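Results of the structural survey
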Amino acid sequence: MYILIIILLIIIIILFRSLNKRIRNLENEISKIREEQTGNRKEEIKDLPERQLFPLSEEIFEEKERSHDNKNTEEPNVKISPVFDFLKQNALAIAGIFTLVLGIGYFVKYAIDNNWLGEVSRAAIGFAAGAGIITTGHFLRKNYTVFASIITGGGIAVLYFTTTIAFREYHLFSQNAAFSITCFVTLVSIFLSYYYKSEILIIFSLFGGFLAPLMISTGQSNYPFLFIYITVINTGMLAIAFLKKWKSIGWISFIFTCIYLFYWTLTKTEINTVYFYVISYIIFYAFALQNYFTQKKLLPTDILMLILVNFTGIIGTVFIFKQLQYDPVIIFPVAFAIINGILLYREHSEKKFGSAHSIFSGIAVSLITAAFALQFSTHLITTVWAIESTLLLFIWKKTRLSIFRNFFYILFPLVIIAQIMTWVEYINSRNLKIIFNPVFLTSLVTVITIFINLSLLRKIHQKQKDSSFFENLFSAVSYAVIYIAILSEIIYHISDEPMIIIFTIGMLFTLYFIFIILLFRKRLEIAKILEYGLLYIFFSLIILNTIIAGSGIITRIIMKNVDLNYYFMYGLYLIPLIFTIIKIIPHSSFFTIKLSYWLLVTAIVTAVSMETHHIYLLTFSENIVGMKKLQEYFTLLYLPIIWAILASIFIYKGLKTDAREYAKAGFALLGVTIVKLYLYDVWKMDNVSRIIAFIILGFILLLSSFLFQRLKNIVVTMVEKKEEPDKTT
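The notes below deal with the structure included here. (Residues numbered from 1 in each chain as written. Predicted model: local features only at pLDDT ≥ 70, side-chain atom pairs only at ≥ 80, totals over all residues. Heavy atoms only, no water.)

Describing the packing of helix α12 (residues 273–288) against helix α15 (residues 331–349)
Two elements in contact, α12 and α15, have axes separated by 13 Å at closest approach and are oriented at 20°. In terms of orientation, α12 lies roughly parallel with respect to α15. Every pair of crossing elements has a handedness; the one defined by α12 and α15 is right-handed. Two secondary-structure elements touch here, α12 through Val274, Val278, Tyr281 and Tyr285 and α15 through Phe332, Phe336, Ile339, Asn340 and Leu343. Of the residues contributing to the contact of α12 with α15, the split by class is eight nonpolar, one polar and no charged. (Axes fitted to C-alpha atoms, helices over the stretch in contact; angles between N-to-C directions. Helix = DSSP H or I, 4+ residues; strand = E, 2+ residues; numbered from the N terminus. Parallel < 35°, antiparallel > 145°, perpendicular 65-115°, else oblique. Left-handed = near helix turned anticlockwise from the far one by under 90°. Contact = heavy atoms within 4.5 Å. Nonpolar A, V, L, I, M, F, W, Y, C, P; charged D, E, K, R; others polar.)

Brief notes about empty space enclosed by the protein
For the coordinates displayed, the defined rule picks out two cavities of 30 Å³ or more. The volume enclosed by the largest cavity comes to roughly 110 Å³. Lining the largest cavity are Phe254, Thr257, Cys258, Leu261, Phe262, Tyr277, Ser280, Tyr281, Phe284, Val309, Thr312 and Gly313. Those elements that place two or more of their residues in the lining of the largest cavity are α11 (248–267), α12 and α14 (300–324). Looking at the lining of the largest cavity element by element, the count peaks at five residues for α11. Residue composition of the lining of the largest cavity, grouped by class: eight nonpolar, four polar and no charged. (1 Å grid on protein atoms, 1.4 Å probe; cavity = no way out; pocket = protein on both sides within 12 Å on 5 of 7 lines; lining within 4 Å. Points joined across faces, edges and corners; volume = space filled by probe spheres on them.)

Here we look at the packing of aromatic side chains
Enumeration over the complete set of coordinates arrives at 40 aromatic pairs. Between Tyr281 and Phe336 the ring centres are 3.9 Å apart and the planes differ by 10°, which places this aromatic pair in the stacked class. A residue pair is termed long-range when its members are at least 10 positions apart, and Tyr281 in helix α12 and Phe336 in helix α15 qualify at 55 residues. The same class applies to Tyr281 as to Phe336, namely buried. Taken together through their ring pairs, the aromatic side chains of Tyr536, Phe538, Phe539, Phe590, Phe591, Tyr597, Phe650 and Tyr662 make up a single cluster. A cation sits over an aromatic face here: Lys247 above Phe287, 4.8 Å from the ring centre. (Phe/Tyr/Trp six-rings, centres within 6.5 Å; stacked < 30°, edge-to-face > 60°. Buried < 20%, exposed > 50% of the residue type's maximum accessible area, 1.4 Å probe, protein only. Lys NZ or Arg CZ within 6 Å of the ring centre and 35° of its normal.)

Description of the environment of Val120
With respect to the helices, strands and loops of the structure, Val120 is situated in helix α6 (residues 119–140). Judged by its relative accessible area of 59%, Val120 is exposed.

A word on the pattern of salt bridges
Across all of its chains, the model carries five salt bridges by this definition. For Lys268, the salt bridge is made with Glu270, and the minimal N-O distance between the two is 3.3 Å. Residue Lys268 is classed as partly exposed on the basis of its relative accessible area, which comes to 35%. Taking relative accessible area as the criterion, Glu270 reaches 22% and is therefore assigned partly exposed. The salt bridge partner of Glu531 is Arg521, with a shortest N-O separation of 3.5 Å. A residue pair is termed long-range when its members are at least 10 positions apart, and Glu531 in helix α24 (residues 528–558) and Arg521 in helix α23 (residues 521–524) qualify at 10 residues. Of the two residues examined, Glu531 and Arg521, each falls in the buried class. Here the residues in one salt-bridge network are Arg521, Lys528 and Glu531, joined through shared partners. (Salt bridge = Lys/Arg side-chain N within 4 Å of Asp/Glu carboxyl O.)

As structure tokens, this is what we get:
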């Protein structure tokens, strides 16, 4: 079997050499043909004008000029297509080196299983294979740069894994020795990437460098040593990023550093961690400002890095200070704000009021706002995310870069989730102060940022003259958050009251909240669909409020459980109801849907019926037993009369205003009244009540019929008068 494998390897080598020779011959022939063609066209090229010599360059130049002229009107695109292009073009090479590494691993495993090799020999083979792959990549680098980088990266991966296995499985090295070897491999890989000018290779190196501590970890937490090592890697990354202008390595380092820092902060909160947060802040802040100092501009990725660096730094440092009860917690937000303020002052002194000025001012104001909010013991994550989402929206408005809009779309749902988790604390909290408590102050920060977000979105829509589904959904969610934030605080502080009082106050607040939004709907630029929804919710809650809250309040007043003043408090719902019917609905598009007439009629009938019922019970009822008899008497005698009167009013309004749905609703109510009277009421009444009910109801029906005929005659007369001039002419 081994002889066959050796023969197969020899055949593969021979075929490779043969194919390689043919490829070189073809390359030589192609180069000769190109030289001949170039010599024949030299004279022709000399006579061509410059535009014909460099047509593509001219087109590119003109395109750049057009993009420069329109840079304030068109939104730049942040493209990641080069990444996908690289993966497409080098997929086979990546798969190949991955497969080769696996093949070497399986070969070593097979040799181990058959006891061919000892532990030292296994490690030696791994190191030799890694060095051999790196050497192969070195010789291929001149003609096949990208392929050589991938090959070299694979060799570096083999060295990392060999060191890990030799340390963990075979215990050939101590932890310090294994760590030294991984550091050496990292330094070699960074040197090779710089020497080869290969961004791909340094990406391999960074992944290996950041994963190396995990590979040789023994479970003991030597965090200071770990972060000294990470700081060294980040410093090298920063130097190469400035020398080679490679942006990807900064983002890789930032992600790994944040993961390590946050894990360390949560696992073992120590004050020493703050130093590494500050060092990391300085390194990545300098990385984000690379183009700002060299090219006098900020790229979208630079702006995003600035935002993330500032707010991740706040989250980590403030969390440590709060956990260890150090003061003041605002020291780092204020310090970061001062750093951004210095750059803002630089822009202002040079009278540059472009995007950089807006970004530095936005970050500085956001940090100051976060500092004051956190000083009042607001919740860290909710506060920072809420302010950061507003900052992203502000930068989107200033730069028109869709990347910030997309990140806002991602972050805002996280703000809502964090805020919901904050509200849950009302359940277990005791003796919170009114307003000045951590839960409500956190909600207040979220509410303020939401108002700013709504204002920014309105300004953006004024320029775009359109609004998307997400913006409408965002508005609805924003108002819901404001509503829940205030309602939760109210309910917490009245939680000792009877349930019916809590329900009544909550319902009253809800009705007034919706009423205020409807009242200022034009200034708030509420979308039509949201306006319809609010009106439907408003009238539905009116029906629910009068039936549940009103009846509950009356019952407890009669039972002497609550004071009469609560009924007057409950009755305050009539103010927004009457104002909405008289002032808001006539100037809205509420009646474009026919169902709206029926909902309004139902709300009015329910409110009038129930309030008449409540007043009747308060006037004549003395105890709970008498209340039940009065309720039955009112239902049998007075309720049909009230419904008949209301039905007549709706019929009259429908005929007079040509709003036929009112008339239909009036006739429907009249029909319900008659059916109720003949099928139910007449069998429950005594003779006197029956006579009174029939006489009054009959009179109302005759009056309604008379009014109907009268209005019909008036309409016919008006039509005839309009038609007479036409006949005479």
